[in-house]
Amino acid sequence: MKLIYRFVCLAMMMFATISTLAQERKESKGVVGFARKVMAFIDTMAVSGIDRSYIDIPKRPWQVIAKAVVNQGDMKLESTINGGRYFEGISGKMKWSPRILTKPSTAVGLWAGYRGYGLGYTKHTGGDDGYYFVLTAMGGRYGANIRWHNFKTSSPRLTVSGDFSDWDKLTYDYDLYSPISVKTVVADAYYMFNGKHFSYSAAYDQSALQLRSSGSLIVGATYYYSSVNYANDGNADFILVMGDVGKAQQWQASLGAGYAYNYVPMRNMLISVMAMPTVSLINHIKVHRYDSNYKDLATDSETHEPMDNADMRLRDAGTATHNSNVRLNADIRLAVSYNFDPLFVCAYGTFNRFGYSNGENSGTLQSWYVNSSIGIRF
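Residues numbered from 1 in each chain as written. Predicted model: local features only at pLDDT ≥ 70, side-chain atom pairs only at ≥ 80, totals over all residues. Heavy atoms only, no water.

**Re the packing of aromatic side chains**
Piece 1. With the rule as written, the count across this model stands at twelve aromatic pairs.
Piece 2. Between Tyr172 and Tyr174, the ring centres sit 6.4 Å apart and the planes meet at 40 degrees, which makes this aromatic pair tilted.
Piece 3. By way of ring pairs, the aromatic residues Tyr190, Tyr200, Tyr204, Tyr348 and Tyr369 are connected into one cluster.
Piece 4. The side chain of Arg115 reaches across the aromatic face of Tyr114, ending 5.8 Å from its centre.
Piece 5. Directly above the aromatic system of Tyr54 lies the positively charged group of Arg212, at a separation of 4.3 Å from the ring centroid. (Phe/Tyr/Trp six-rings, centres within 6.5 Å; stacked < 30°, edge-to-face > 60°. Lys NZ or Arg CZ within 6 Å of the ring centre and 35° of its normal.)

**Description of unusual backbone geometry**
Outside of glycine, negative phi angles account for most residues, and trans bonds account for most peptide bonds.
Piece 1. Cis geometry is adopted by the peptide bond preceding Pro342, which originates at Asp341 and carries an omega value of 10 degrees.
Piece 2. By secondary structure assignment, the location of Pro342 is in the loop between strand S16 (328-340) and strand S17 (343-358).
Piece 3. Its identity is not glycine, yet Gln206 carries a phi of approximately 55 degrees, on the positive side.
Piece 4. In this structure, Gln206 sits in the loop between helix H4 (200-204) and strand S11 (209-210). (Helix = DSSP H or I, 4+ residues; strand = E, 2+ residues; numbered from the N terminus.)

**What about the confidence of the model for the protein chain?**
Low pLDDT marks stretches whose predicted atomic positions should not be read closely.
Piece 1. Looking at the protein chain as a whole, its pLDDT mean stands at 84, while 88% of the residues score no less than 70.
Piece 2. Counting contacts from residues 1-19, a segment whose pLDDT is below 50, to residues more than four positions away or on other chains yields zero contacts. (pLDDT = per-residue confidence, 0-100. Contact = heavy atoms within 4.5 Å.)

**Quick word on the pattern of salt bridges**
Piece 1. What the rule picks out here adds up to ten salt bridges.
Piece 2. As a salt-bridge pair, Asp341 and Arg60 come within 2.6 Å of each other at their nearest N and O atoms. Placement of Asp341 in the loop between S16 and S17 and of Arg60 in the loop between strand S1 (55-56) and strand S2 (62-82) is noted, with a sequence separation of 281 residues between them.
Piece 3. Across the pair Arg377 and Asp341 runs a salt bridge whose closest N-O atoms are separated by 3.6 Å. You can see Arg377 sitting in strand S18 (residues 361-377) and its partner Asp341 sitting in the loop between S16 and S17, a full 36 residues away along the chain.
Piece 4. Look at Arg377 and you get buried, because its relative accessible area is 4%. (Salt bridge = Lys/Arg side-chain N within 4 Å of Asp/Glu carboxyl O. Buried < 20%, exposed > 50% of the residue type's maximum accessible area, 1.4 Å probe, protein only.)

**Here's the deal with the layout of surface pockets**
Piece 1. In this structure, the largest pocket encloses a volume near 840 Å³.
Piece 2. Lys67, Trp111, Val134, Leu135 and Thr136 are, among the 34 residues lining the largest pocket, the residues nearest its centre.
Piece 3. Only S2, strand S4 (105-114), strand S5 (117-126), strand S6 (131-138), S17 and S18 provide two or more residues apiece to the lining of the largest pocket.
Piece 4. Considered class by class, the residues forming the lining of the largest pocket number 18 nonpolar, 13 polar and three charged. (1 Å grid on protein atoms, 1.4 Å probe; cavity = no way out; pocket = protein on both sides within 12 Å on 5 of 7 lines; lining within 4 Å. Points joined across faces, edges and corners; volume = space filled by probe spheres on them. Nonpolar A, V, L, I, M, F, W, Y, C, P; charged D, E, K, R; others polar.)

**Re the side chain of Arg115**
Piece 1. Its place among the elements puts Arg115 in the loop between S4 and S5.
Piece 2. The buried category is assigned to Arg115, whose relative accessible area is 13%.
Piece 3. Those residues within four positions of Arg115 in sequence are excluded, and the remaining contacts are Ile42, Asp43, Ala46, Ile57, Pro58, Lys59, Pro61, Gln63 and Ser207.

Given below as structure tokens:
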């Protein structure tokens, strides 16, 4: 009986072992197994090629981060026209310069991930009526960002200047019949040469820790797209003073080189600065031009009668494309963070400037973005 009992126990143990191994093998081929392999690969990449006396990797790999975001865009357009052709009692050239300064836009969000890789959600809470969306990926040696910003305005700040008898400059809010729609996309990517001693992620997502001050030469590329559209029949008067342009699109691709420095003034605190001048290698502009019954009336020297905006009608006058001259732009970043494990706080900001010129028309966009966050590791 003892022999049979031992045999049954042995058989049961073997069955349990085989079942456990089979289950583990099954899991290793499923979602759980794949996730474990991905996390193991991320762990390996996190420590690959770094000097642990300069850069450390937190023992707690998971992060949950609450953040608050503020951003603002400042777009300036310029057009020079022959004022005497359209306006009675005026001779010489007139420069029209509408400025579209958005209200500071605010948002709050939550992010969760593993060693800097994860997903998040941000909700718009105030500011302009458009939306601002950011997608970011970063590691010790690289960083990449894509930002979408769409907004509208019906009251650009307009400055009119010229050499006239009784005035040379006027500035006022111009009330449009239909709002200007602005869409922008900014994408940038960086590579840091000194990945052994310098960590980009230590400054911007705290998935690594910078223990000692260090800097790095960087190279990067930026892509910029903008669309400014006010081609509505009721805006015929505004289109006229903007040199018949009712819509302008710009595509710009730039390459640059600069320097980034992580300064550690005290333990657990980091101040990071990056500056990268860029040169536009592609700067393509497409403008859509329009004539109108309002322009016909304005150029009639015997009439010059006013017209109601609701009666205005546009006529498509074709498109023109132009490759703008090489331009020097700037990409600047600043970050401050403090770690008191398992918590950490961080604030970082970016500034970008893009511009174009097309004959008598030109434009400049300046934008800034600030992200403040508090997170926990586990």
